[in-house]
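# Per-entry structural report
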Amino acid sequence: MYVANSNRYNNMIYLRCGKSGLKLPAISLGFWHNFGDGDPFDNMRKIVQRAFDLGITYFDLANNYGPPPGAAEENFGRLFKLNLRPYRDEIIVATKAGYKMWEGPYGDWGSKKYLLASLDQSLKRMNLDYVDIFYSHRPDPETPIEETMEALYQAVHSGKALYAGISNYNPEQTKIAYSVAKQMGLKLIVNQVRYNMFARDVENGLFDTLNELGMGAVIYSPLAQGLLTERYLDGIPEDSRVRKSGVFLKESDITPERIEKVKKLSEIAKRRGQTVSQLALSWILRNKVVASVIVGASKVSQIEDNVGCINNLEFSEEELREIDEILNS
């Protein structure tokens, strides 16, 4: 029987999510990769247990994570039943709906029919009575935003979710969604978006919008699918994500220019006593609107390395200037 580390809260940093009462760990564990049916269950168990032992309390899922779709939630459900059930009140479980989950007109996008049916399915797969955060995974250009927000309102007010969030909404969409939800009596507390040293679009207005509305940002893909690590500095390893699937990180993404930038970033990281991945995570966490950064892991050692970023979150002006020069070169 798994017994969690009694010192698990001693070193993790917990950040308030916008102006809500919810605090999230600076580093969270994502189930986007490595928790599908083709992945070893024992390895999943080791990763999740080690994450919780290090103070990671937020587990981020979505209905279609796998493969196949639903597999990550089912595997989390097994892990929850075996190991985490005694700690339910100490963990944050989030799921989402918005991308294609099943065939036909009711298994995709942002209708109330799809979102609420998906949430019911997710709860069954995960062996849960409720999730802590339920997200609209992407804006739907064809469904009125009022309907999507009404689905989130119903999820919260039925007790199937404690908080509501959005994901991949741009500044204007975020403002509209927040306003519509507020009129219904629902507060959106978070927008989950992609952000890393190579993908900085959200700096152009979204962070300011979230700050203005009192929402937090939860960041996914902080290491650019593994590019912002030492993993590809000497070529492409056979066990890498590129070789395994090549869907989200393609060989063409690993350009000589990007590798050269990572090498230069590595020099700054060494001066700071960090790995490249720790530098990349610390760099994101310097932004005060960020409530948590979601990392993926295929090995326990990756979780341990990523959590180590919280030991050095301060940057000098000179370091930030040097990083910008490298990224903009």
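These remarks concern the structure in this document. (Residues numbered from 1 in each chain as written. Predicted model: local features only at pLDDT ≥ 70, side-chain atom pairs only at ≥ 80, totals over all residues. Heavy atoms only, no water.)

## Quick word on the overall build of the protein chain
Helix and strand counts for the protein chain come out as eleven helices and ten strands. Over its C-alpha trace the protein chain gives a radius of gyration of 19 Å, about what one expects of a compact globule, namely 20 Å for 329 residues. Principal axes of the C-alpha set define a box for the protein chain whose edges measure 50 × 45 × 40 Å. Looking at the 329 residues of the protein chain, the share that counts as buried comes to 56%. In the protein chain, once contacts between residues fewer than 6 apart in sequence are set aside, the share between residues at least 24 apart is 76%. Per element, the accessible surface of the protein chain, about 14400 Å² overall, is 48% carbon and sulfur. Distance between charge centres in the protein chain, computed from 40 positive and 42 negative side chains, equals 3 Å. (Helix = DSSP H or I, 4+ residues; strand = E, 2+ residues; numbered from the N terminus. Rg over C-alpha atoms; globule rule 2.2 N^0.38 Å. Buried < 20%, exposed > 50% of the residue type's maximum accessible area, 1.4 Å probe, protein only. Contact = heavy atoms within 4.5 Å. Areas by Shrake-Rupley, 256 points an atom, 1.4 Å probe, with all protein chains shown as cover. Lys, Arg positive; Asp, Glu negative; His and termini not counted. Charge placed at Lys NZ, Arg CZ, Asp CG, Glu CD.)

## Considering the pattern of salt bridges
The full count for this structure, using the stated rule, is 16 salt bridges. Linking glutamate 73 and arginine 125 is a salt bridge whose minimum nitrogen-to-oxygen distance equals 2.8 Å. Remark: arginine 125 occurs in helix 3 (residues 112-126) and glutamate 73 occurs in helix 2 (residues 71-84); sequence separation between them is 52 residues. Pair check on accessibility: glutamate 73 and arginine 125 agree, each one buried. Bridged by salt links that share partners, the residues Asp42, Arg45 and Lys46 form one connected network. (Salt bridge = Lys/Arg side-chain N within 4 Å of Asp/Glu carboxyl O.)

## A short note on the pairing of strand 9 (residues 216-220)
When you tally the buried positions in strand 9, you get five out of five residues, the bulk of the element. Burial of strand 9 is two-sided: the residues Gly216, Val218 and Tyr220 facing one way and the residues Ala217 and Ile219 facing the other way are all buried. Sheet topology note: the strand 8 (residues 188-194)/strand 9 ladder contains five bridges and is parallel. Among the inter-strand pairings, valine 193 is bridged to a residue of strand 9, identified as isoleucine 219. Summarising the sheet, strand 9 and strand 10 (residues 290-295) pair through three bridges and their orientation is parallel. Residue valine 218 lies in a different strand from strand 10, and its bridge partner there is serine 292. (Pairing = 2+ DSSP bridges.)

## A word on the nonpolar core
Ile27, Leu29, Phe31, Phe59, Phe76, Leu188 and Ile303 are the most contacted members of the largest nonpolar core, which has 98 residues in total. If one sorts the elements of this core by residue count, helix 9 (residues 276-285) sits on top with seven residues. Residues Ile92, Ala94, Ile133 and Tyr135 belong to the second largest nonpolar core, which totals 13 residues. (Core = buried A, V, L, I, M, F, W, Y, C linked by side-chain atoms within 4.5 Å.)

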